[in-house]
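Chains, contacts and geometry: an overview
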Amino acid sequence: MKRKLPHLFRRAGLVLASAGFVSALMPTQAAAQTTISPAKLEALKKEMVAEIDKQQKSTQEMVDMVFSFGELGFQETETSRYLTDILKKNGFTIEQGIAGMPTAWMAKWGSGKPVIAIGSDIDCIPKASQKPGVAYHDPIIEGAPGHGEGHNSGEPLNITAVLALKKIMQREKIPGTLVLWPGVAEEQLGSKAYFVRDGYFKNVDACIFTHVGDNLGTSYGDVGGNGMVSVKFNFSGQAAHSAGAPWRGRSALDAVELMDVAWNFHREHMEVTQRSHYVIPDGGDQPNVVPSKAAVWYYFRDRTYPKIMEMYQDAIKMAQGATMMTNTEMTYEVLGSAWPGHMNKPMAETMYENIKLVGLPAWSPEDQTLARATQVEMKAPKTDRRGRPIDGLAMKLDSLSKPDNNSIGGGSDDIADISWNVPTIVLRYPSNIPGLPGHHWSNAISMATPIAHKGVTAGAKAEAMTLLDLLVKPEIIKNAWAYFNDVQTKDTKYTPFVSKTDKPAVELNKKIMAEFRPEMKKYYYNPAKYKTYLEQLGIKYPTVRPAATSQTTTGGN
Ligand SMILES: [Zn+2]
């Protein structure tokens, strides 16, 4: 992977031999950019904060609307149409269907440098349908997908932030290009490596990503998660009557089971940082037909690219071994991937200064009642992994998270593929309830309630301020690239898991959405008729079990 140079060098057509040369030339660039006084910058930030407060109604509508769409990865058609319509109306130019994904897009506004990419995920979780504001399992539609990860809130945050920023940029004639884009199929780790491969981040100078959390914060360095590769192994054998002539059959399902047994024995000898898990999307049709086709779908995760590749190669060997034992055949395909995350220090420090200015939202007693009742319902632990108490919604602002080099591993996000190509940070904002399991209906409870709306408004303020900083203080992007070149990528080079010929797995989830969408359509949010989605669903906020009320209202806020 060719390392990128800061934009001025690309613009000036200079070829540089070393990163040291970069800093020597930078002052010219600084002079070429807008500079405004600290007092003026502070005034502009205050103005944006006031504007974002004024836009709370439209923020709430966007959050609630995307919540009601509840679309799984690669099938985010309503969500993408809705979001791009808003952006189009606000003067953005949209490129639809990028990188071979019908639901992916890039929305551009402004001109010149710097080019700043602003993204967030948009897909949801299978079987996570849940009525918002209700502190126990009560699906809108039983078995349907739902926003049990809170991905309905990130793009509304981005749109709120950039529309406030755009006003200022227009009036003050601040140069720069804003590029909004969606994390399609994040739950499949399915899109971002393709955006990078297909060149969509080639001319981007910095990227700000947002992801829902339970506090307002950001991180730099190794974020402590795992990278991963998602691989489906397809076995084929020979069908036969399972009772009449079983000796003529060769079972693809046997191969799947033998591969899984081998992998599960292998776990004993793996490092503690790995995570691997599988589902069997095809286990045959019915017992009296020897399965001629079967498939098993694995996620292989670890802390570094070489370790993940080792897992991947081990799995291929086991799949091959399974074919030998069962006289079957096997092919495999990559369905998604993510690098381990590493975020940019100068940008995170800039963001954190703004986070401190914004602070946490003021939660109402109703917000806290919902949060505590949900925590009781879900048997939430008393403290989180960092030892901070879990009791209702966050009341103490997160610190700037430092690199987590000794992590024992965890989840993955394909934003990492972008962060290894462009200086990137992730803003977490407090729209969810602490102490929940994640990827679960309970994580949808707050996501179309005042908790989510307030969290998004707070996040939009921090993001808008940071974007303005990046536009008017060129030294931040300069320092961001120096960190990227001299620290982050000094010894670690990005090698994508996806090849030149791999294609995004756009067929995923098609069947599930086809099954549920007709029923879900009846519950799409109608803002013309109802102030909030809670009102449309006739939900009293908050709705908690009678027992939970008495336990949770005494502590107050
Ligand atoms: Zn997510």
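The model shown is predicted, which means the values in this text are computed figures rather than measured ones.

So, on to the overall build of the protein chain. Of the regular secondary structure elements, the protein chain holds 17 helices and 12 strands. Its C-alpha radius of gyration of 24 Å places the protein chain within 12% of the 24 Å reference for a compact globule of 557 residues. C-alpha atoms of the protein chain, sized along the principal axes, occupy 85 × 65 × 45 Å. Looking at the protein chain residue by residue over its 557 residues, the buried ones come to 58%. Surface exposure of the protein chain reaches about 23100 Å², of which carbon and sulfur atoms provide 55%. Considering the protein chain, the positive charge centre built from 62 side chains and the negative charge centre built from 58 side chains are found 5 Å apart.

What follows concerns empty space enclosed by the protein. A full pass over the atoms with the stated rule returns two cavities of 30 Å³ or more. Taken as a whole, the largest cavity encloses approximately 120 Å³ of empty space. Contributing to the lining of the largest cavity are 16 residues, with Ser68, Ser129, Ile140, Pro145 and Met520 lying nearest its centre. Here the lining of the largest cavity is built from residues that sort into 10 nonpolar, six polar and no charged.

Given 3.6 residues to a turn, an α-helix orients residues that are three or four positions apart in the same direction. End to end, helix α8 (residues 252-266) covers 21 Å across 15 residues, agreeing with the expected 21 Å (1.5 Å per residue, within 8%). Residues Ala252, Ala255, Val256, Met259, Asp260, Trp263 and His266 constitute the buried set of α8. Each buried residue of α8 sits inside an arc of 130° when the element is viewed along its axis, so together they form one side.

Bringing the UniProt feature "domain: Peptidase M20 dimerisation" (unreviewed entry) in the protein chain into the picture now. In the numbering used here, UniProt assigns the feature "domain: Peptidase M20 dimerisation" (unreviewed entry) to residues 226-302. The span residues 226-302 is 19% helix and 36% strand, and its two end C-alpha atoms sit 5 Å from each other.

Under the criterion given, the structure shown has 21 aromatic pairs. Note on Phe233 and Tyr298: the rings are 6.2 Å apart at their centroids and 85° apart in plane angle, and the pair reads as edge-to-face. With Phe233 in strand β7 (residues 227-236) and Tyr298 in strand β9 (residues 293-302), the pair connects residues that are 65 residues apart, well separated along the chain. Owing to a relative accessible area of 0%, Phe233 belongs among the buried residues under this scheme. A connected cluster of aromatic rings, assembled from ring pairs, spans Phe233, Trp263, Tyr278, Tyr298, Phe300, Tyr312 and Tyr332.

A few words on the coordination of the zinc ion. Around the zinc ion, the protein contributes the donor atoms Glu149 (OE), His151 (NE2) and His211 (NE2), at 2.0 to 2.1 Å from the metal centre. Positions of the donor residues of the zinc ion, expressed as sequence spacing, correspond to E-x1-H-x59-H. Residue Glu149 is found in the loop between β3 (115-121) and α6 (154-172), and its partner His211 is found in strand β5 (residues 206-213); the two are separated by 62 residues along the sequence.

As a further point, take the packing of helix α4 (residues 56-69) against helix α13 (residues 450-472). Their axes nearest at 10 Å, the elements α4 and α13 cross at an angle of 120°. In this view, α4 runs oblique relative to α13, as classed from their interaxial angle. Judged by the twist between their axes, the crossing of α4 over α13 is right-handed. When α4 is examined against α13, the residues Gln56, Thr59, Gln60, Val63 and Asp64 are found in contact with a partner set consisting of Ala452, His453, Val456 and Thr457. Per-class residue counts for the contact of α4 with α13 are three nonpolar, five polar and one charged.

Our focus in this paragraph is the environment of Asp254. With respect to the secondary-structure elements, Asp254 resides in helix α8. Among the residues examined, Asp254 registers a relative accessible area of 38% and is labelled partly exposed. For the pair Asp254 and Val162, spaced 92 residues apart in sequence, the C-alpha to C-alpha distance is 54 Å.

Let us look at the pattern of salt bridges. Applying the stated criterion to the full structure yields 34 salt bridges. Of the charged contacts in the structure, one is a salt bridge between Asp314 and Lys317, with a shortest N-O distance of 3.8 Å. Linking Asp314 with Lys317, this pair stays in helix α9 (residues 305-326), spanning three residues, or about one helical turn. Since its relative accessible area comes to 18%, Asp314 is described here as buried. Here Lys473 and Asp469 are joined by a salt bridge, their closest N and O atoms 3.6 Å apart. Judged by relative accessible area, which is 2%, Asp469 ranks as buried. Here the residues in one salt-bridge network are Lys40, Glu47, Arg171 and Glu172, joined through shared partners.

Calculation rules
Residues numbered from 1 in each chain as written. Predicted model: local features only at pLDDT ≥ 70, side-chain atom pairs only at ≥ 80, totals over all residues. Heavy atoms only, no water. Helix = DSSP H or I, 4+ residues; strand = E, 2+ residues; numbered from the N terminus. Rg over C-alpha atoms; globule rule 2.2 N^0.38 Å. Buried < 20%, exposed > 50% of the residue type's maximum accessible area, 1.4 Å probe, protein only. Areas by Shrake-Rupley, 256 points an atom, 1.4 Å probe, with all protein chains shown as cover. Lys, Arg positive; Asp, Glu negative; His and termini not counted. Charge placed at Lys NZ, Arg CZ, Asp CG, Glu CD. 1 Å grid on protein atoms, 1.4 Å probe; cavity = no way out; pocket = protein on both sides within 12 Å on 5 of 7 lines; lining within 4 Å. Points joined across faces, edges and corners; volume = space filled by probe spheres on them. Nonpolar A, V, L, I, M, F, W, Y, C, P; charged D, E, K, R; others polar. Expected span 1.5 Å × (residues − 1). Arc of directions from axis to C-beta. UniProt positions renumbered as here; feature names shortened; annotations may be inferred. Phe/Tyr/Trp six-rings, centres within 6.5 Å; stacked < 30°, edge-to-face > 60°. Donors = N, O, S within 2.8 Å, 3.2 Å for Na, K, Ca; no water. Axes fitted to C-alpha atoms, helices over the stretch in contact; angles between N-to-C directions. Parallel < 35°, antiparallel > 145°, perpendicular 65-115°, else oblique. Left-handed = near helix turned anticlockwise from the far one by under 90°. Contact = heavy atoms within 4.5 Å. Salt bridge = Lys/Arg side-chain N within 4 Å of Asp/Glu carboxyl O.

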